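So you can see what is in the structure, the chains are spelled out below.
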Amino acid sequence: MAIRPAEQLIHKAAWLYYAHGLRQDQVASQLNISRASVAMYLRKARETGIVNISTSTQLFTDDVMARKLEDALGLDAVWIAPENGHIPDPSTDIAVLAASVFLELVKKGDRIGVAWGRTVYMIADIMSYADLQEVTVVQLCGNLGAPYSYRPDQCTMEIARRLNAKGLNFYAPLVLSTEELARALRDEPVIREQLSGIKDCDLALYSVGAVDAESHLVKCGALTSGEMAELRSRGAAGVIAGQIIDAEGKVLDCSYNRRVISAELASLRAIEKRLMVVQEDSKFEPLLAAIAGGLCTHLVVGAHMAQRLLDHAGAATQKVS
């Protein structure tokens, strides 16, 4: 059932006031209503439970643009965080929405695969605590060196802690020094069992990485900026769970990928719900690659990125016709 206009105002007022800490006069100004109306809407939000942000994500899926984007990209569900001039960092808005979406998607007894990076860790840090029964959170790829922030093990265990769930870390490096060593490690029974079990997950949470000097793979020392530039010239378009993909969402044929300890893309595609969250507009091309490769069924993005995706899909359709 669609949310009626009056209910939309209640949801929006609650979102701005409770999630972002705007004063009532600021909420009134942004929504072009009186301060008395804001106070009334906030009271109704408290009485009906809308102040529990996890119950208000329907507001963002009922958006017309979200519906169009689902149809254009063939996705199961899209949530679009609105542009908000009062928020210093728009990426926080996306993470707040993504945390609520994630909690709605998790069910009792689920097995959840989690990747890594700033976006995933921000979602984990913002997420409300939930006491879910028989949930297991598993790491999708090997780990990074201790000094690096947003490590895979950190993201996995923080989400497990928020859900009061069991966390399973990957006790292997993300990338090995030689292809032979990587093959041998994948053949170890413990690692082989962990990798083979990824396809049995019910839900995956990840973002897609860039393939430039700002990539996490460069910052963590897995690749030099020169090596990344060379891979980009060979068709690298994005990074999924530590693996480099091309514009079609396929694993790029390169030595780096053959040295990585991570879930195979086929295993990721076998996961029923693949929630991708993208905060940065600079990740437009990597996101297109991930969608083309079938690595996303559920998507959370900002309004600007959503419009770019719609424009791109429209242009592609016209080109074909």
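Above: the structure in question.
About the criteria used
- Every residue gets a number counted from 1 within its own chain, in the order that chain's sequence is written.
- Local features in this predicted model are restricted to residues whose pLDDT is 70 or higher, and side-chain atom pairs enter the listing and the counts only when it is 80 or higher, whereas totals over whole chains, interfaces and linings include all residues.
- Computation of side-chain values covers all heavy atoms of the structure but excludes hydrogens and water.
- Helix and strand definitions here come from DSSP, where helices need a minimum of 4 consecutive H or I residues and strands a minimum of 2 consecutive E residues; each element is numbered from the N-terminal end.
- Burial classes: relative accessible area under 20% of the type maximum marks a residue as buried, over 50% as exposed, and values in between as partly exposed (1.4 Å probe, protein chains only).
- Axis lines are fitted through C-alpha atoms, for helices just across the contact stretch, and the angle between N-to-C directions can take any value from 0 to 180 degrees.
- Roughly parallel means an angle under 35 degrees; roughly antiparallel means over 145; roughly perpendicular covers 65 to 115; every other angle is labelled oblique.
- Crossings are classed by handedness, with left-handed meaning an anticlockwise turn of the near helix from the far one by less than a right angle and right-handed meaning a clockwise turn.
- Contact between two residues is taken to exist if any of their heavy atoms lie within 4.5 Å; hydrogens are not considered.
- Each residue gets one label: Ala, Val, Leu, Ile, Met, Phe, Trp, Tyr, Cys and Pro are nonpolar, Asp, Glu, Lys and Arg are charged, and the others, such as Gly, are polar.
- Any pair of Phe, Tyr and Trp rings, taking the six-membered ring for Trp, is counted once the centres come within 6.5 Å. Such a pair is stacked with planes under 30 degrees apart, edge-to-face with planes over 60 apart, and tilted for the rest.
- Two conditions define a charge located above a ring, namely a distance within 6 Å from the ring centre to NZ of Lys or CZ of Arg, and an angle within 35 degrees of the ring normal.

(A) Focus on the environment of Val-190. Examined against the element boundaries, Val-190 turns out to sit in helix α10 (residues 189–196). You can call Val-190 exposed: its relative accessible area is 57%. Placed 19 residues apart in sequence, Val-190 and Tyr-171 show a C-alpha to C-alpha distance of 9.0 Å.

(B) Structural detail: the packing of helix α7 (residues 118–126) against helix α8 (residues 152–163). Contact geometry of α7 with α8 gives a least axis separation of 9 Å together with a crossing angle of 20°. Relative to α8, α7 is oriented roughly parallel. The two elements α7 and α8 cross, and the hand of that crossing is left-handed. Each of Val-120, Tyr-121, Ala-124, Asp-125 and Ile-126 in α7 lies in contact with α8, whose residues at this interface are Gln-154, Cys-155, Glu-158, Ile-159 and Arg-162. Tallied by class, the residues present in the contact of α7 with α8 amount to six nonpolar, one polar and three charged.

(C) The arrangement of the environment of Ala-124 in detail. Tracing the sequence through the fold places Ala-124 in helix α7. On a C-alpha basis, the gap between Ala-124 and Ala-98 in space is 9.7 Å, while along the polypeptide they are 26 residues apart. If we ignore the near neighbours within four places in the chain, the residues touching Ala-124 are Glu-158, Ile-159 and Arg-162.

(D) Layout of the packing of aromatic side chains. Inspection of every chain in the model, using the stated rule, returns one aromatic pair. Considering the side-chain rings of Tyr-121 and Tyr-150, the 6.2 Å spacing of their centres and the 50° angle between planes classify their relative orientation as tilted. Residue Tyr-121 is found in helix α7, and its partner Tyr-150 is found in the loop between β3 (136–139) and α8; the two are separated by 29 residues along the sequence. You can call Tyr-121 partly exposed: its relative accessible area is 26%. Relative accessible area serves as the criterion here: at 28%, Tyr-150 is assigned to the partly exposed category. One residue, Arg-308, lies across the ring of Phe-284, its end atom 4.2 Å from the ring centre.

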